[in-house]
2 protein chains.
Amino acid sequence: MAGNYCQTCGSVGKMNTQIVIMAGGIGSRLWPASTPEMPKQFIDLLGVGKSLIQLTADRFQQVCNPDRIWVVTSARYVKTVRKQLPYIPEDQILAEPVPRNTAPCIAYACWKIMRKYPDANVVVTPSDAIVMKQDRFTDVMKKALEFTAENDAIVTVGIKPDRPETGYGYICSSGTEEGKVLKVKAFKEKPCLETAKGYITEGNYFWNAGIFVWKVSTIVSQMREFAPQIAGMMDRMAKSFGREDEQAMLEELFPQCDKISIDYAVMEKSPSIYVIAADLAWSDLGSWSSTGMHINASEGGNRIVGGDVRLFGCEGCIVHAGEEKMVIIKDLKDYIVAEKNGRLLICPIADEQDIKEYSADKQS
Amino acid sequence: MAGNYCQTCGSVGKMNTQIVIMAGGIGSRLWPASTPEMPKQFIDLLGVGKSLIQLTADRFQQVCNPDRIWVVTSARYVKTVRKQLPYIPEDQILAEPVPRNTAPCIAYACWKIMRKYPDANVVVTPSDAIVMKQDRFTDVMKKALEFTAENDAIVTVGIKPDRPETGYGYICSSGTEEGKVLKVKAFKEKPCLETAKGYITEGNYFWNAGIFVWKVSTIVSQMREFAPQIAGMMDRMAKSFGREDEQAMLEELFPQCDKISIDYAVMEKSPSIYVIAADLAWSDLGSWSSTGMHINASEGGNRIVGGDVRLFGCEGCIVHAGEEKMVIIKDLKDYIVAEKNGRLLICPIADEQDIKEYSADKQS
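The text that follows walks through the structure, step by step, so that each part is easy to find. Quantities reported herein were computed from a predicted structural model and do not represent experimental measurements.

## So, the interface of chain B and chain A
Right, so step 1: Of the residues lining the interface, 31 residues belong to chain B; the matching set on chain A comes to 30 residues.
Right, so step 2: Buried surface at the junction of chain B and chain A, both sides included, amounts to about 2,800 Å², of which 53% is carbon and sulfur.
Right, so step 3: Joining chain B to chain A, the criterion identifies two salt bridges.
Right, so step 4: Counting the contacts that link chain B with chain A gives 28 residue pairs in polar contact (both at pLDDT 80 or more).
Right, so step 5: Contributing elements (two or more residues each) for the side of chain B that touches chain A: β14 (308-312), β16 (326-330), β17 (335-340) and β18 (343-348) of chain B.
Right, so step 6: Considering every element that reaches the side of chain B that touches chain A, the biggest residue donor is β18 of chain B, with six residues.
Right, so step 7: Of the residues in the side of chain B that touches chain A, the class split is 16 nonpolar, three polar and 12 charged.
Right, so step 8: The pairing of strand β18 (residues 343-348) of chain A with β16 of chain B spans four bridges and is parallel. Residue Ile346 of chain A lies in a different strand from β16 of chain B, and its bridge partner there is Ile329 of chain B.

Next comes the structure, spelled out in structure tokens:
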């Protein structure tokens, strides 16, 4: 079936490919670049001229037409999504009334897609990760979509680890080969360093990129089986889709959905989960240090986003100051310096896990 | 004559007291709080709710009415002066076409005063120093004005040093007693540390606060004697004062004045220079460290100007971020962190002498 793509939209065969971008997160570990007013997926975190959600949408250019993209986000970010992704049909921008973790988010999108395109073959992706190896990503997506088109299966994407990272979840697969559809044996939570080192040695453990591929019919039936509470809410909501009371029903029922991740709700229970492992030069950009890895190093190993940044005697720093006119820093080593919109952070990279706490609203 | 003050304006006797505030400086060592667009004399450097020039003007409240204040500044700062000192008559805000150091600046003000008030008794003061002991300052000013009213003399103010500061000039006087009018033996440039220590031991050396008191007739005649080039230019300019061509003459002649300080031009040559020494808790706020000394220390000896500044593991830092909504700093010791108007500085206090160079416009 390889190569059997639509010449217009790049979809595989007669497949009806739809992309769901999850864009409701806050990104509090990347404060102050990322704030609840404008979280990381909507900002040009790497200084490349595009926001992360724009880069995410672009990444599917060879997979399907951009008007097949759906975005699930908070109501407060709908305007931002429209502005940054103007080519997305308005009815494909879905606003969660409240955040209820990924299972209700994904269910909402898939129930909406099912009504419009019951034969859809769907990719669900986070909005805030980056992939440097675009061609390989396209290949993986096409391979996954081909597989789910022909099987009632869920395909995930595993990233070949290049270090014993303790900040990611891992997928334990039945094999070590990249680029093949492998059976998933287990999902593993973020490990300790020793465990992570063991995973690397084993060779059949991959980082979980949080990307899921399935037919809409597959995920709906699996949610009915493994997450019946959420599926029940969605079935009730779906009756109002297109009616005047749609928004009212959404606001009434969505907040009642179990607050649970898709991993817990379905992935760890379903028997038909597969993974395609690949070296995509992927990063979730979940922290300043992981972001820094994707900013080209200048002299002294400093990673700079911003115009007139002048470092003297600095080494290994991440400086993110896109809005500043001039930044002068003397004698800092392995620090994060980030400024945005009147908020300034100066923190050793080693302490970045505390940023969320430091920047939290003060309790009186 | 003590106590013989006007009940309305506080001037001594029938004395016609006028105050000249020199406000043309740039304050480049306090970048980025101080910039050429808005130098330090016009900003609330200490976070007290008033700019340094406002504090300077306030300091003379017990010496004379505020409408007796004159300001010499650059043309670009005239609007700022009007806004910050709205009670000053417009014709007492003088705009230098170009900076030519203090001698032409002072001469311009004094020639203008001479025309309006030929009997004036004048205090010339920088705009950017602070004095914490207000009452003692008032006493010193009154004593100096009394002395110059009765003598064709120049009185300077000497600050009793509390440390062998190498950043100030010193006045060598004929005695050690504070609060008395003493003869000046010599003006000394900024000394090395060893020399400064010697000055402290001697006891008759005082910091030169750059404040001068004289009758306008005294300084005009002394400038005619010791700085005839400048005096000649002023005499030519003065013919146009109040005429239509005043501004044109100013722009033609002022830039031709010798670029020289009042210290070189007059102080070091005149035989009739006196000093009143006093402990005024004075500082010229010429650098971040000297500014920091006048900001109350919080936990860890940190000096903070700004709203929501959160320090974790920081010691001895100066944080000046009045415009920032939130500042978070972890593990810095003895650093300056200053942000203003899109310009950020992070620099060890020990390296503050380099700030001017770091922040200079890049040469291509």
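There is more to say after this.
## Details of the relation of the copies chain B and chain A
Right, so step 1: By a simple turn and slide, chain B fits onto chain A: the slide is 0.1 Å along the axis, the RMSD is 0.1 Å, and the turn is 180 degrees. The transformation just described matches what one would write down for a two-fold rotation axis.
Right, so step 2: Looking at the interface residues of chain B, 97% of them are also at the interface in chain A, so both copies use one shared face.

## Some remarks on the environment of Ile336 of chain A
Residue and element names in this part refer to chain A.
Right, so step 1: Mapping Ile336 onto the fold places it in strand β17 (residues 335-340).
Right, so step 2: The class of Ile336 is buried, set by a relative accessible area of 0%.
Right, so step 3: The spacing of Ile336 and Ile130 is 206 residues in sequence and 20 Å in space, taken between C-alpha atoms.
Right, so step 4: Apart from residues lying up to four places away in sequence, Ile336 is in contact with Trp288, Ile318, Leu345, Ile346, Cys347, Pro348, Ile349, Glu352 and Ile355.

## Remarks on the nonpolar core
Note that soluble globular proteins tend to have their nonpolar side chains buried in a common cluster.
Residues and elements named next belong to chain B.
Right, so step 1: The biggest cluster of nonpolar side chains holds 48 residues, and the ones touching the most others in it are Tyr108, Trp214, Ile219, Met223, Met234, Ile262 and Met267.
Right, so step 2: Residue contributions to this core peak at nine residues, all from helix α3 (residues 102-116).
Right, so step 3: Once residues lying within four places of it in the same chain are set aside, the contact partners of Ile219 are Cys110, Ile154, Trp214, Ile262 and Val266.

## Quick notes on the packing of aromatic side chains
Right, so step 1: In total, this model carries 24 aromatic pairs over all chains according to the counting rule given.
Right, so step 2: Aromatic pair Tyr358 of chain A and Phe312 of chain B: ring centres 3.9 Å apart, planes at 25 degrees, arrangement stacked. With Tyr358 of chain A in helix α11 (residues 355-358) and Phe312 of chain B in strand β14, this pair bridges two chains.
Right, so step 3: Owing to a relative accessible area of 26%, Phe312 of chain B belongs among the partly exposed residues under this scheme.

## Some remarks on the sheet that holds strand β12 (residues 297-298) of chain B
Right, so step 1: Within the open sheet, the seven strands sit side by side as β14(A)-β16(A)-β18(B)-β17(B)-β15(B)-β13(B)-β12(B). Their pairing is mixed. The strands lining the two open edges of the sheet, one partner per strand, are β14 (308-312) of chain A together with β12 of chain B.
Right, so step 2: In this structure, strand β13 (residues 302-305) of chain B lies alongside strand β15 (residues 318-320) of chain B, joined through three bridges in parallel fashion. By the bridge assignment for β15 of chain B, Arg303 of chain B is matched with Ile318 of chain B.

## So, the side chain of Lys340 of chain A
All names here are of chain A.
Right, so step 1: Position of Lys340 among the secondary structure elements: in strand β17.
Right, so step 2: The buried category is assigned to Lys340, whose relative accessible area is 18%.
Right, so step 3: Within polar-contact distance, the side chain of Lys340 engages the backbone oxygen of Ala33 at 3.2 Å.
Right, so step 4: Beyond its immediate sequence surroundings of up to four residues, Lys340 is in contact with Pro32, Ala33, Met38, Ile43 and Glu323.

## Section: the sheet that holds β14 of chain B
Right, so step 1: Strand order across the open sheet formed by seven strands is β12(A)-β13(A)-β15(A)-β17(A)-β18(A)-β16(B)-β14(B), with mixed pairing between neighbours. Across the chains shown, the open sheet's two edge strands, defined by having one partner strand only, are β12 (297-298) of chain A together with β14 of chain B.
Right, so step 2: Here two bridges tie β12 of chain A to strand β13 (residues 302-305) of chain A, and the two strands are oriented antiparallel to one another. Paired with Ala297 of chain A across the two strands is Arg303 of chain A, which belongs to β13 of chain A.

## A look at the packing of α3 of chain B against helix α6 (residues 216-226) of chain B
Residues and elements named next belong to chain B.
Right, so step 1: At a minimum axis distance of 10 Å, the contact between α3 and α6 shows a crossing angle of 130 degrees. If you check the angle between α3 and α6, you find them oblique. Considering only the axes of α3 and α6, their crossing is left-handed. Within the contact between the two elements, α3 uses Ala103, Ala107, Cys110, Trp111, Ile113 and Met114 and α6 uses Val216, Ile219, Val220, Met223 and Arg224.
Right, so step 2: Here the residues of the contact of α3 with α6 sort into 10 nonpolar, no polar and one charged.

## Digging into the pattern of salt bridges
Residue and element names in this part refer to chain A.
Right, so step 1: Considering all chains together, one arrives at 35 salt bridges over all chains under this definition.
Right, so step 2: The partner of Lys40 in a salt bridge is Asp128, with the nearest N and O atoms 3.3 Å apart. Of this pair, Lys40 sits in the loop between β1 (16-23) and α1 (52-58) while Asp128 sits in the loop between β4 (120-126) and β5 (130-131), placing them 88 residues apart in sequence. Each of the two residues, Lys40 as well as Asp128, counts as buried.
Right, so step 3: Put simply, Asp245 and Arg243 hold a salt bridge, and the shortest N to O gap is 2.9 Å.

## Points about unusual backbone geometry
Right, so step 1: Note that the residue after Trp31 of chain A, namely Pro32 of chain A, is joined by a cis bond; omega there is 0 degrees.
Right, so step 2: Along the chain, Pro32 of chain A falls in the loop between β1 and α1.
Right, so step 3: One non-glycine residue, Ala281 of chain A, lies in positive phi territory at about 50 degrees.
Right, so step 4: Within the fold, Ala281 of chain A resides in the loop between β10 (273-278) and β11 (282-283).
Right, so step 5: Classification of Ala281 of chain A as partly exposed rests on a relative accessible area of 25%.
Right, so step 6: At Asp331 of chain B, a position not held by glycine, the phi torsion is positive, near 55 degrees.

Reading guide: rules and limits
- Counting restarts for each chain, with residues numbered from 1 along the sequence as it is written.
- Working convention: letters from A go to chains and numbers from 1 go to ligands, in the order in which they are written.
- Only residues with pLDDT of at least 70 are given local features in this predicted model, and only at 80 or more are side-chain atom pairs given and counted; all residues enter the totals for whole chains, interfaces and linings.
- As a rule here, side-chain values cover all heavy atoms of the structure and leave hydrogens and water aside.
- We call two residues in contact whenever any of their non-hydrogen atoms come within 4.5 Å of each other.
- Using a 1.4 Å probe, buried area is obtained as the accessible area two parts lose upon being combined, added over both of them.
- Note on definitions: salt bridges are taken to be side-chain nitrogens of Lys or Arg within 4 Å of carboxyl oxygens of Asp or Glu.
- Polar contact criterion, stated in full: a pair of N or O atoms within 3.5 Å, where within protein one must be able to donate a hydrogen and the other to accept it, and residues adjacent in sequence count only if both atoms are side-chain atoms.
- Helix and strand assignments follow DSSP, with helices taken as H or I runs no shorter than four residues and strands as E runs no shorter than two, numbered in order from the N terminus.
- Classes in brief: Ala, Val, Leu, Ile, Met, Phe, Trp, Tyr, Cys and Pro nonpolar; Asp, Glu, Lys and Arg charged; the others, Gly included, polar.
- Strands are labelled as partners when DSSP assigns at least two bridges between them.
- Alignment of copies: least-squares fit on C-alpha atoms of residues with pLDDT of at least 70 in both copies.
- Buried, partly exposed and exposed residues are distinguished by accessible area as a fraction of the type maximum, computed with a 1.4 Å probe on protein chains only: under 20%, between the cut-offs, and over 50%, respectively.
- Here, nonpolar core means buried Ala, Val, Leu, Ile, Met, Phe, Trp, Tyr and Cys residues that are tied together by side-chain atoms lying within 4.5 Å of each other.
- Pairing of aromatic rings covers Phe, Tyr and Trp, the last counted by its six-membered ring, and requires centre-to-centre distances within 6.5 Å; plane angles under 30 degrees mean stacked, over 60 mean edge-to-face, and any other angle means tilted.
- Helix axes are fitted only over the stretch in contact, all axes being lines through C-alpha atoms; the angle between N-to-C directions runs from 0 to 180 degrees.
- Any angle between 65 and 115 degrees counts as roughly perpendicular, while under 35 counts as roughly parallel, over 145 as roughly antiparallel, and the rest as oblique.
- Crossing handedness is read from the near helix: turned anticlockwise from the far helix by less than a right angle, it gives a left-handed crossing, and turned clockwise, a right-handed one.

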